[in-house]
Amino acid sequence: MSDLGFKVQLQGDFDEVEARVRQALMEQGFGILTEINVQDTLKKRLDVDFRPYKILGACNPSLAHRALTAVPDAGLLLPCNVTLSQGEGNAIEVSIIDPIIMLSVGDLPELKPVADEAGDRLQQVVEILEK
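In this text, all values refer to a predicted model and were calculated from it rather than measured experimentally.

Cut-offs and rules
- Residues numbered from 1 in each chain as written.
- Predicted model: local features only at pLDDT ≥ 70, side-chain atom pairs only at ≥ 80, totals over all residues.
- Heavy atoms only, no water.
- Helix = DSSP H or I, 4+ residues; strand = E, 2+ residues; numbered from the N terminus.
- Rg over C-alpha atoms; globule rule 2.2 N^0.38 Å.
- Pairing = 2+ DSSP bridges.
- Axes fitted to C-alpha atoms, helices over the stretch in contact; angles between N-to-C directions.
- Contact = heavy atoms within 4.5 Å.
- Buried < 20%, exposed > 50% of the residue type's maximum accessible area, 1.4 Å probe, protein only.
- Arc of directions from axis to C-beta.
- Polar contact = N/O pair within 3.5 Å; in protein donor to acceptor, adjacent residues only side chain to side chain.
- Parallel < 35°, antiparallel > 145°, perpendicular 65-115°, else oblique.
- Left-handed = near helix turned anticlockwise from the far one by under 90°.
- Core = buried A, V, L, I, M, F, W, Y, C linked by side-chain atoms within 4.5 Å.

Trainee: Explain the overall build of the chain here, please?
Mentor: From N to C terminus, the chain includes five helices and five strands. In the chain, the succession of α and β elements from N to C terminus is β-α-β-α-β-α-β-β-α-α. Compactness check: the chain gives a C-alpha radius of gyration of 15 Å against a globular reference of 14 Å for 131 residues, within 12% of the reference. In terms of overall dimensions, the chain has a C-alpha envelope of 45 × 35 × 25 Å along the principal axes.

Trainee: Teacher, can you tell me more about the sheet that holds strand 4 (residues 80-86) here?
Mentor: Across a sheet, paired strands are connected by hydrogen bonds in the backbone, their directions being either parallel or antiparallel. Ordered by their spatial adjacency, five strands build an open sheet running 1-5-4-3-2, and the pairing between neighbours is antiparallel. Taken across any chain shown, the strands that pair with only one partner, and hence form the sheet edges, are strand 1 (5-11) and strand 2 (31-37). Between one strand axis and the next, the sheet turns by 20 degrees as a mean value, whatever way the strands run. As paired elements, strand 1 and strand 5 (residues 91-97) share seven bridges and run antiparallel to each other. In the strand pairing of strand 5, V8 is matched with V94. On top of the sheet, helix 5 (residues 112-130) reaches strand 1, strand 4 and strand 5; it is set at about 15 degrees to strand 1, its chief contact.

Trainee: In this structure, what is going on with helix 3 (residues 61-70)? I would like to understand it.
Mentor: Because each turn of an α-helix spans 3.6 residues, side chains separated by three or four positions end up pointing in the same direction. Among the residues making up helix 3, those that are buried are L63, A64 and A67. Buried residues of helix 3, viewed axially, fall in a sector of 100 degrees; they line one side. Along helix 3, exposed side chains directed more than 90 degrees from the buried face belong to P61, H65 and T69. Tucked inside the fold, the buried residues of helix 3 contact strand 3 (53-59) and helix 5. With a side-chain oxygen positioned 3.1 Å from the backbone nitrogen of S62, the residue opening helix 3 is N60.

Trainee: Looking at this structure, how should I read the packing of helix 1 (residues 14-27) against helix 5?
Mentor: In helix packing, the relevant descriptors are the interaxial angle and the interaxial distance, both defined with respect to the helix axes. Two numbers describe how helix 1 lies on helix 5: the axes approach to 9 Å, and their chain directions differ by 135 degrees. The orientation of helix 1 with respect to helix 5, classified from their angle, is oblique. Viewed along their axes, helix 1 and helix 5 form a crossing whose handedness is right-handed. Counting all contacts with helix 1, which are made through R20, V21, A24, L25 and E27, the residues of helix 5 involved are L122, V125, I128 and L129.

Trainee: Sorry if this is basic, but what is going on with the packing of helix 3 against helix 5 here?
Mentor: It is the contact of helix 3 with helix 5, at a shortest axis distance of 9 Å, that shows an interaxial angle of 160 degrees. Classified by the interaxial angle, the pair formed by helix 3 and helix 5 is roughly antiparallel. For the crossing formed where helix 3 meets helix 5, the hand is left-handed. Every residue of helix 5 that contacts helix 3 at L63, R66 and A67 is listed here: P113, V114, E117, A118 and R121.

Trainee: When you look at the nonpolar core in this model, what are you seeing that I'm missing?
Mentor: The nonpolar side chains of a soluble globular protein tend to be buried with one another. In this structure, V21, L25, V82, L84, V94, I96 and L129 are the most contacted members of the largest nonpolar core, which totals 33 residues. Looking at this core, the element that brings in the most residues is helix 5, giving seven residues. In contact with I96, other than residues within four places in its own chain, are L4, G5, F6, N81, V82, L122, V125 and V126.

Keep in mind these numbers describe shape, not what the thing actually does.
Spelled out as structure tokens, the structure:
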């Protein structure tokens, strides 16, 4: 756990680790709504070389529906971001936002049960990846 969420470090090829992350998210009911290839974007826009780094916007439709029904502005907190970052050697760091941390931006007690469930599911993703 970091200050912002859950972390796990995996060994292997970046694309293979990404496939594992996507599969683990799917097993917990999350799909990928957005994908940002930071490395490619920085190269195209700034002509800067950067390590392999992706941001995946993960969403569980059932949890999103519950959150948006409770608080229509909850869409500002969606989706849950997952980052993959190339470290030293074959180390890939996977970080997943903790939904409870996202709730700290406002006083939204009606979203706590949804954030708790999302956090539990995302923690399960980390546990799947650690196996």
